[in-house]
Amino acid sequence: MNTFTRAAEALAVTPLLNCLLREAAASAGEPAAGRAVHRLRVSGRLLRVRTGHRPAEPELWSGGAWQPLGHSGLVDLAAQEMRATTGRSNAALVAEMTASRTAVEALLAARARTTPPDDPWLRSEQALVMGHPFHPAPKARSGGGPPAAWLRYAPEAYARFPLVLLGVREDAVLDDGDTTALDTLGEARPGYRLLPAHPWQLDLVHRLPAVRGAFAEGRLVRLGTTPWQARATSSVRTVHIPGGPGRAGAAGDVFLKFSLEVQITNDVRRLRGHELRQVRRTDPVVTAAFRALGGPAAWLSERGYRTVRGLDEVFPVLVRDGLHGHLVPGATALLAAALPEGFDGNPLDRITDPLTWWTAYLGRVVPPVLEAYARHGVAVECHLQNTLVAVDADGTPVQAVFRDAEGAKVIPWTSREAAWQRLLYCLVVNNLTEIAGALVHRFPGAAPALWSAARRELEQQVKEHGLPEAEAEALLTAPAVPGKANLLSRWIDADGTDPRYLPAANPLAVRP
C-alpha cells in the first residue's frame, strides 16, 4: 500500500465513520486507552474507534476479537446497518462511497505533482481533500466521469483554467439583476451578449440535442476562451476571477457560479430556474440586513444572473461579489472549513492561547448571524463552507464574511421553524463544534473553557437581540440540537433541499 493509498484510506474512513456514529450508534461505555466502543442501534454490533476530533481506526467485534475495518469494510457495515434501519437498499450510494475514496487518492496524487497557490485564501479554498466531515461520500463526482476527466477542474488539485466564452444571441438572452461584470470578460459579436461557461459543464452537455440545436440555430456561438485563468473554489462549480491587470477593464475580483451536471454530496449541482429566481428575491433582503448590522461583518452579494433561453438551467452563470472592497484593511480571508481540515498558513497552527483566539472568532461570527436573524428575519447558511474568517497579521479573527444566497432563509418566505432549525444546525453543529474540536485537538482539556466562552457570547447575543424564549431555550438549554443526517438522507433518497435531521448533543447546554 503506497503513501497515497494509506492517506486516502484514512481520509475516506473518517467522514463515513462520523456518519455511522452520529446516525446509527450509541455509546457502549466510557472510553479507555484512547478508544471508545459504540453499539449500532439496529444490528447491535459493536464498533470500536480511536477517539479524538476525527475518530479513526475502526474495529468490529467479530469472532470473539476486534477486527480492523478498512474503508471497504466500513462501507459494507454502513450498508448493512442502513438496510436494517430502513428496509431499503441503495446500490448507487454504496458505489458513491467507494468512488469517493478513489477520488481522494487521485486528489492526493494530483496535489503532490502540482504547486500550491501563493495566496493563503486560495490555499484554504483548495484545502478540502477530505471534505464534509459528516458525509458518507464527500468526494464522489457522480456523473462527472473518472478522475482523469475532472482533476483539471478540481479545487483540491489546485485547479485553475480558462473559461469558455460563448455568445448568446440577444433575442435569446435571459438576464436578471446586475450582470455587467460578465461583459468585461471578453468581447461579444454584434447582436450577441457574452456568456462564460465552465469547461467541465460544456464537456458534459455539448452532445445534448438541445445544446447542439442552440449552436446549429445560432442562438449560441463559440468565442474561444479567456486569456486568463479562473481559480476553482471549494464548491467546485464556483470559480474566482481575479481583478486587476490580468483582466482588461476589471477593477475588482468576482465569483461566478455555474450549473454542473454532477452530483456532489447531496445534489446534482444544477442551478435550477426556481433557485435562480429565489436568489434574486433573497439576496437584496440579506444585503440590506448586513448593511444595517453594526461591526465589520460582510455579505458577498449575488448581483444577478445570465443564461440562454431554452437552456436556462444548462448554462446559467450567477455573479457574486468578490472579496475586493469587503475585507477590513490588512485582513486576510480564509475559508472556515479549512481551519479544522488544515492547510499551509492555518492560523490554528501558531496560536498559543486557544481561548483568546476562540473568543475573537466567536465575537466575529456569532453576533452578525444572530442579529440578522432576530432583527431582520434572515437566516444565513453559516456553515463552514459558506463562512470566511478574516484574520490579522497575528492570525486573530477580525471579521466574518458570509456567502451563498441560495442557502439563506428569509422569514416569512420560509417558516420561522424551518429557518431556525437550519440556523441552529449550521451555527452550532457545523460551524462552532467543528472549530472548537480543531482547537481541542491541539489543546487537550480546553473544551470546558471554550464552551463556557461560547455560552457567554450566545447568552449576550440572545439578550441583546431579544430572541424568543423557545429559540433561546433550544440554543442554550436543550440537551440536543439538530444534526444533519447525511447518510440516512442519501440512503432514502431524500431531496437535497429537505434533508433529515437527528438529535446531536448540544455542547452549550452544560453550564460551567
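Up top is the structure these notes are about.
The structure presented is a predicted model; accordingly, all values stated were derived computationally and were not measured. (Residues numbered from 1 in each chain as written. Predicted model: local features only at pLDDT ≥ 70, side-chain atom pairs only at ≥ 80, totals over all residues. Heavy atoms only, no water.)

## Digging into the overall build of the protein chain
- On a plain count of helices and strands, the protein chain comes out with 14 helices and 25 strands.
- In terms of overall dimensions, the protein chain is globule-like: its C-alpha atoms have a radius of gyration of 23 Å, near the 24 Å expected for 512 residues.
- Seen along its three principal axes, the alpha-carbon backbone of the protein chain occupies a region of about 75 × 55 × 40 Å.
- Counting all 512 residues of the protein chain, 57% fall into the buried class.
- When contacts within the protein chain are restricted to residue pairs at least 6 apart in sequence, long-range pairs at least 24 apart make up 70% of them.
- Carbon and sulfur atoms make up 52% of the accessible area of the protein chain, which amounts to about 20300 Å² in all.
- With 56 positive and 52 negative side-chain charges, the protein chain shows a spacing of 3 Å between the two charge centroids. (Helix = DSSP H or I, 4+ residues; strand = E, 2+ residues; numbered from the N terminus. Rg over C-alpha atoms; globule rule 2.2 N^0.38 Å. Buried < 20%, exposed > 50% of the residue type's maximum accessible area, 1.4 Å probe, protein only. Contact = heavy atoms within 4.5 Å. Areas by Shrake-Rupley, 256 points an atom, 1.4 Å probe, with all protein chains shown as cover. Lys, Arg positive; Asp, Glu negative; His and termini not counted. Charge placed at Lys NZ, Arg CZ, Asp CG, Glu CD.)

## Describing the pairing of strand β17 (residues 302–308)
- When you tally the buried positions in β17, you get 6 out of 7 residues, the bulk of the element.
- Judged from the 4 bridges that link them, β17 and strand β18 (residues 317–321) form a sheet pairing that is antiparallel. Counterpart to E302 in the pairing with β18 is R320. (Pairing = 2+ DSSP bridges.)

## Looking at unusual backbone geometry
- Residue P412 is reached from I411 by a cis peptide bond, and omega for that bond is 15°.
- A positive phi angle, near 50°, is found at E57, a position not held by glycine.
- Turning to its location among the elements, E57 is positioned in strand β4 (residues 56–62).
- Positive phi outside glycine occurs at Y158, with the angle close to 60°.
- Mapping Y158 onto the fold places it in the loop between α5 (147–150) and β6 (160–161).

## Things to note about the packing of aromatic side chains
- One pass over the full model with this rule turns up 11 aromatic pairs.
- Each ring, one from W357 and one from Y361, has its centre 5.5 Å from the other, and the planes form 15°; the classification is stacked. Remark: Y361 and W357 occur in helix α10 (residues 354–376); sequence separation between them is 4 residues, near one turn of the helix.
- You can call W357 buried: its relative accessible area is 3%.
- Accessibility expressed as a relative area gives 0% for Y361, which makes it buried.
- When the ring of W358 is compared with that of W451, the centres are 5.9 Å apart and the planes differ by 75°; the resulting orientation is edge-to-face. Of this pair, W358 sits in helix α10 while W451 sits in helix α12 (residues 447–465); the two residues are 93 residues apart in sequence, bridging distant segments of the chain.
- Over the aromatic face of W413 sits the side chain of R281, whose NZ or CZ is 3.9 Å from the ring centroid. (Phe/Tyr/Trp six-rings, centres within 6.5 Å; stacked < 30°, edge-to-face > 60°. Lys NZ or Arg CZ within 6 Å of the ring centre and 35° of its normal.)

Remember that the coordinates give geometry; whether it matters functionally is a separate question.
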